[in-house]
Amino acid sequence: MYCTPKEYIGFIGAMAFAGAAIACFFLPILGDKYGRWIIFEITMGIQIPLYLMSLTTRSLWVIYFLCFYLGVTLIGRFTCGFVLLTELVPERYQTFVGTALMCGDSAATLYITFYYRFISRKSYPIFYLGLFLNVLTFVTTFWIPESVKWLIGV
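Quick look at the structure, then. Quick caveat, the model's predicted, so the values are computed rather than measured. (Residues numbered from 1 in each chain as written. Predicted model: local features only at pLDDT ≥ 70, side-chain atom pairs only at ≥ 80, totals over all residues. Heavy atoms only, no water.)

Once that is clear, we can look at a nonpolar patch on the surface. Together, Leu110, Tyr111, Ile112, Phe114, Phe118 and Ile119 make up an exposed nonpolar region whose accessible area comes to about 650 Å². Among the secondary structure elements, leucine 110 is positioned in helix α5 (residues 94-119). (Patch = residues over 30% accessible without salt bridge, like charges linked within 9 Å, V, L, I, M, F, W, Y side chains within 5 Å. Areas by Shrake-Rupley, 256 points an atom, 1.4 Å probe, with all protein chains shown as cover. Salt bridge = Lys/Arg side-chain N within 4 Å of Asp/Glu carboxyl O. Helix = DSSP H or I, 4+ residues; strand = E, 2+ residues; numbered from the N terminus.)

The next point concerns helix α6 (residues 124-140). Under the 1.5 Å per step criterion, the end-to-end length of α6 is 24 Å for 17 residues, consistent within 8% with the ideal 24 Å. All of the buried residues in α6 are Ile126, Gly130, Leu131 and Asn134. When α6 is viewed along its axis, its buried side chains cluster within an angular range of 135° and face the same direction. Looking at the packing, one finds that the buried side of α6 touches α3 (36-56) and α5. (Expected span 1.5 Å × (residues − 1). Buried < 20%, exposed > 50% of the residue type's maximum accessible area, 1.4 Å probe, protein only. Arc of directions from axis to C-beta. Contact = heavy atoms within 4.5 Å.)

Packing of α3 against helix α4 (residues 60-88) brings their axes to within 8 Å, and their N-to-C directions diverge by 145°. Seen along the crossing, α3 lies across α4 with a hand that is left-handed. Across the interface between the two elements, Arg36, Trp37, Ile39, Phe40, Thr43, Met44, Ile46, Gln47, Leu50, Met53 and Ser54 of α3 pack against Leu66, Tyr69, Leu70, Thr73, Leu74, Gly76, Arg77, Cys80, Gly81, Val83, Leu84 and Glu87 of α4. For the contact of α3 with α4, the per-class residue count stands at 14 nonpolar, six polar and three charged. (Axes fitted to C-alpha atoms, helices over the stretch in contact; angles between N-to-C directions. Left-handed = near helix turned anticlockwise from the far one by under 90°. Nonpolar A, V, L, I, M, F, W, Y, C, P; charged D, E, K, R; others polar.)

Once that is clear, we can look at helix α1 (residues 6-23). One full turn of an α-helix is made of 3.6 residues, so residues set three or four places apart face in the same direction. Given a rise of 1.5 Å per residue, 18 residues ought to cover 26 Å, and the 26 Å separating the end C-alpha atoms of α1 matches this to within 8%. Taken as a whole, α1 has its buried residues at Ile12, Met15, Gly19, Ala20 and Ala23. In this structure, the buried residues of α1 make contact with α2 (27-34) and α4.

Attention now moves to the pattern of salt bridges. Counting across every chain of the model gives two salt bridges. One salt bridge in this structure joins aspartate 32 and arginine 36, with 2.8 Å as the shortest N-O distance. With a relative accessible area of 5%, arginine 36 lands in the buried category. Glutamate 87 is the salt-bridge partner of arginine 36, the closest N and O atoms lying 3.4 Å from each other. Here arginine 36, found in helix α3, pairs with glutamate 87, found in helix α4; they are 51 residues apart in sequence, far enough to count as distant.

This part is about the nonpolar core. Where a protein is soluble and globular, its nonpolar side chains tend to be buried together. Of all hydrophobic cores here, the largest spans 16 residues; its most connected members are Ile12 and Leu27. For this core, the secondary-structure elements that each account for two or more residues are α1, α3 and α4. A total of eight residues in this core trace back to one element, the largest contributor, which is α4. (Core = buried A, V, L, I, M, F, W, Y, C linked by side-chain atoms within 4.5 Å.)

Below, the structure is given as structure tokens:
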């Protein structure tokens, strides 16, 4: 990657953004139509093999492909998972839980930035932590019920 032109490296983030932008057109609608839980589970389940492939590939083109689909699953996680979580807590705690989740997400981004800047340039510990958290989330959400609060009828 050190010898790769910066435009090619920048395209990795662009592909993730493109996947997220395109997913905004259909994943929230699918969550409203078929249920947030199932869409959240599918996107979390897709993330696990994508993470595993990203740990083993050396091809920049495969990285582009993976980042595009990780961008898609990001929207499933945020639009369906976030809404599902806030619907499952009592109404008086919804604002606090939503704020705490977004603060945690922002803190993770800041932690990763500081980790790469001041602690280590090695990415595998962060990847393995992300993989572990994805698997943990995927498995534990099998015990979370579907919320029908905002479902739109077919």
